[in-house]
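# Observations on the three-dimensional arrangement
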Amino acid sequence: MESQALAWLAAGIGAGLITIGTALGIGKIGSSAMESIGRQPEAAADIRGAMIVAAALIEGVAFFSIIVTVLLIVLTGE
Amino acid sequence: MLLSEGSKKVQSLKDIEPIHVVGEIFHEVSDQVWIELYLFGFDLSITKLTIFMWLASAILLGITFSVRNNLLLVPKGRLAQALEAIVQFIRDDIVKPNLKEDWKAFMPLFSTFFFFVLMNNAIGMIPYLANPTGSLSVTGMLAGMTFLTIIGGGIRKNGVGGFLRSFVPSDVPVFILPIIVLAEVLGLFTKSFALAIRLFANMIAGHIVILTLFGLIYILQSWLLAPFMILTNLAMSVLEILIVLIQTYVFTYLSAIFVGMSVHPEH
């Protein structure tokens, strides 16, 4: 394989791995937030805010790795 | 735009190589210099995103000055009431829980953050306009202001000694203390850096996805895909409006958390 094809393959596999990790993380946050809202419906507003912030923190890590994969494509695409 | 340029120059779909579509997408989401300007050896060129940032700021200033005369205890007029609801949300849900009794000093900063980021995010949803927050320079500047506020707010409230002591946790064994202190100091920088990357990547990702879905028409060389892509992009645009609002909230909320952690280190 030429190096460009290899880089694009790496970017594709990397994007898939990022999706797995992020989906696991955000899914866990979502499920436990739903559980806590079900237990304490009066605290729903606080839980929702905390849930969005925690999801954003996970998303931040995911975007770091997305940028690595994008760089793999951009830098070898020229 | 990808589509308009394609219809002008290209006779058939076969003329476009897939690799050019990728280049076109990254050209479309990146910044372009419109007016070159060099002052005192600095590159102060006016770019596409600078113009749109000015446009967003002008809209914000216009809204602010139009409701300025209605500033009463009970605001009159639709715009003033809508703005009051948003400002109240910022005060009660973002600033007050994180900054406790010092909320008044930080309220102007965080409401400016909120409205500036919101307007700069939202302006990218209008066709033919771009969102300035899709540039790392803009988000880096915003995160830099958060960084300075973390340091300045901590020093103003606790003094230089108190601010430095917030890096040293009290109930930690001595032999791992250097590692913890190093991690805390590094965390000061990574927090702000992650703030910039998060907003930038979120805002640029939606545009890349929309352009890629349209680019699939060229990559797969079939006009039959166009109706499906328009429907998919309609759904993506709805999702992106949601992301615009969520990321505005997240940027302001995380900034408030970080500043609050520095102003009240015991929390």
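All values derive from a computational prediction rather than experimental measurement.

## Some points on the overall build of chain B
- For chain B, the count of helices and strands is eight helices and four strands.
- Mapped in sequence order, the helices and strands of chain B form the string α-α-β-β-β-β-α-α-α-α-α-α.
- Along the three orthogonal principal directions, the C-alpha set of chain B runs to about 70 × 60 × 45 Å.
- Per-residue burial over chain B gives 41% buried out of 267 residues.
- Of all intrachain contacts in chain B linking residues separated by at least 6 positions in sequence, the fraction that spans at least 24 positions is 68%.
- Summed over all atoms, the accessible surface of chain B reaches about 15000 Å², with 71% contributed by carbon and sulfur.

## Re the confidence of the model for chain B
All names here are of chain B.
- The predicted model of chain B has a mean per-residue pLDDT of 84, with 94% of residues at 70 or higher.
- Model confidence for chain B, summarised as mean pLDDT per element, is weakest for helix α1 (residues 2-9) at 49 and strongest for helix α5 (residues 103-122) at 92.
- Predicted confidence for residues 1-7 stays below pLDDT 50, and this span has eleven contacts to residues more than four positions away or in other chains.
- Reported for the predicted complex are a pTM of 0.83 and an ipTM of 0.73.

## Digging into the interface of chain B and chain A
- Contact residues are listed per partner, giving 18 residues for chain B and 15 residues for chain A.
- When residues of chain B are sorted by the area they lose upon contact with chain A, Ile19, Phe26 and Arg198 of chain B head the list and together hold 30% of the total.
- In this assembly, chain B and chain A are joined by zero salt bridges.
- Those elements that place two or more of their residues in the side of chain B that touches chain A are α2 (18-29), α7 (177-219) and α8 (226-263) of chain B.

## Re the packing of aromatic side chains
Residues and elements named next belong to chain B.
- All chains considered together, the criterion is met by eleven aromatic pairs over all chains.
- When the ring of Phe113 is compared with that of Phe251, the centres are 5.5 Å apart and the planes differ by 80°; the resulting orientation is edge-to-face. Separated by 138 residues along the polypeptide, Phe113 in helix α5 and Phe251 in helix α8 bring together distant segments of the chain.
- For Phe251, a relative accessible area of 3% gives the class buried.
- Put simply, the rings of Phe89, Phe114, Phe115, Tyr249 and Tyr253 pair up and form one aromatic cluster.
- Positioned above the aromatic ring of Trp103, the side-chain terminus of Lys96 is 4.8 Å from the ring centre.

## Describing the side chain of Ser111 of chain B
- Along the polypeptide, Ser111 of chain B turns up in helix α5.
- We classify Ser111 of chain B as buried; its relative accessible area is 13%.

## Structural notes on a nonpolar patch on the surface
- Taken together, the side chains of Leu6, Leu9, Ile13, Leu17, Ile20 and Leu24 of chain A present a nonpolar region at the surface, about 610 Å² in accessible area.
- With respect to the secondary-structure elements, Leu9 of chain A resides in helix α1 (residues 3-39).

## Quick look at the packing of helix α6 (residues 136-165) of chain B against α7 of chain B
All names here are of chain B.
- Packing of α6 against α7 brings their axes to within 8 Å, and their N-to-C directions diverge by 150°. Judged on the interaxial angle alone, α7 and α6 are roughly antiparallel. Read as a crossing pair, α6 and α7 show a hand that is right-handed. Touching Leu136, Thr139, Gly140, Leu142, Ala143, Thr146, Phe147, Ile150 and Ile151 of α6 are Leu188, Phe189, Ser192, Leu195, Ala196, Ile197, Leu199 and Phe200, all from α7.
- Looking at side-chain class alone, the contact of α6 with α7 contains 13 nonpolar, four polar and no charged residues.

## Digging into the nonpolar core
- In terms of nonpolar packing, the biggest core is built from 45 residues, with Ile94, Val95, Leu99, Phe110, Leu142, Phe251 and Val259 of chain B touching the most fellow members.
- Going through the elements one at a time, α2 (44-77) of chain A together with α3 (48-67), α4 (78-99), α5, α6, α7 and α8 of chain B are the ones with two or more residues in this core.
- Excluding residues within four positions of it along the chain, Ile94 of chain B makes contact with Phe89, Phe114, Tyr249, Thr252, Tyr253 and Ala256 of chain B.

## Comments concerning unusual backbone geometry
All names here are of chain B.
- Non-glycine residue Lys100 carries a positive phi angle of around 50°.
- Along the chain, Lys100 falls in the loop between α4 and α5.
- The residue Tyr128 is not glycine, and still its phi comes out positive at about 75°.
- As for its position among the elements, Tyr128 is in the loop between α5 and α6.

Parameters and conventions
Residue indices follow the written sequence of each chain, beginning from 1 at its first position. All chains are assigned letters beginning with A, and all ligands numbers beginning with 1, in the order in which they are written. With the structure being a predicted model, the display of local features is reserved for residues of pLDDT at least 70 and the display and counting of side-chain atom pairs for 80 or more, all residues being used for whole-chain, interface and lining totals. By convention in this description, side-chain values take in all heavy atoms of the structure and omit both hydrogens and water. Where helices and strands are cited, they refer to DSSP runs of H or I of at least four residues and of E of at least two residues respectively, numbered from the N terminus. The classification of residues rests on relative accessible area computed with a 1.4 Å probe and restricted to protein chains. Under 20% of the type maximum is buried, over 50% is exposed, and intermediate values are partly exposed. Between two residues, a contact is recorded if the distance between any of their heavy atoms is within 4.5 Å. Accessible surface is estimated by sampling points in the Shrake-Rupley manner with a 1.4 Å probe; for residues, cover comes only from the protein chains shown. A residue's pLDDT is the predictor's confidence in that residue, given on a scale from 0 to 100. The buried area of a pairing is the accessible area, by a 1.4 Å probe, that goes missing from both parts when the two are put together, added over both. Take a side-chain nitrogen of Lys or Arg and a carboxyl oxygen of Asp or Glu: if they are within 4 Å of each other, that pair is a salt bridge. When the centres of two rings from Phe, Tyr and Trp lie within 6.5 Å, Trp using its six-membered ring, the rings pair. Their planes under 30 degrees apart give stacked, over 60 give edge-to-face, and anything left gives tilted. Our definition puts a charge over a ring when NZ of Lys or CZ of Arg is within 6 Å of the ring centre and also within 35 degrees of the ring normal. To count toward a patch, a residue needs a relative accessible area over 30% and no salt bridge; like charges are then connected within 9 Å, while nonpolar side chains (Val, Leu, Ile, Met, Phe, Trp, Tyr) are connected within 5 Å. Convention adopted: a line fitted to C-alpha atoms gives each axis, helices being fitted over their contacting stretch, and angles between N-to-C directions are expressed from 0 to 180 degrees. For classification, angles of less than 35 degrees are called roughly parallel, those exceeding 145 degrees roughly antiparallel, those between 65 and 115 degrees roughly perpendicular, and all remaining angles oblique. Working rule for handedness: look at the near helix, and if it is turned counterclockwise from the far one by less than a right angle, call the crossing left-handed; if clockwise, right-handed. Residue type decides the class: Asp, Glu, Lys and Arg count as charged, Ala, Val, Leu, Ile, Met, Phe, Trp, Tyr, Cys and Pro as nonpolar, and the leftover types, Gly among them, as polar. Nine residue types can take part in a nonpolar core, namely buried Ala, Val, Leu, Ile, Met, Phe, Trp, Tyr and Cys, and a core is a set of them joined through side-chain atoms within 4.5 Å.

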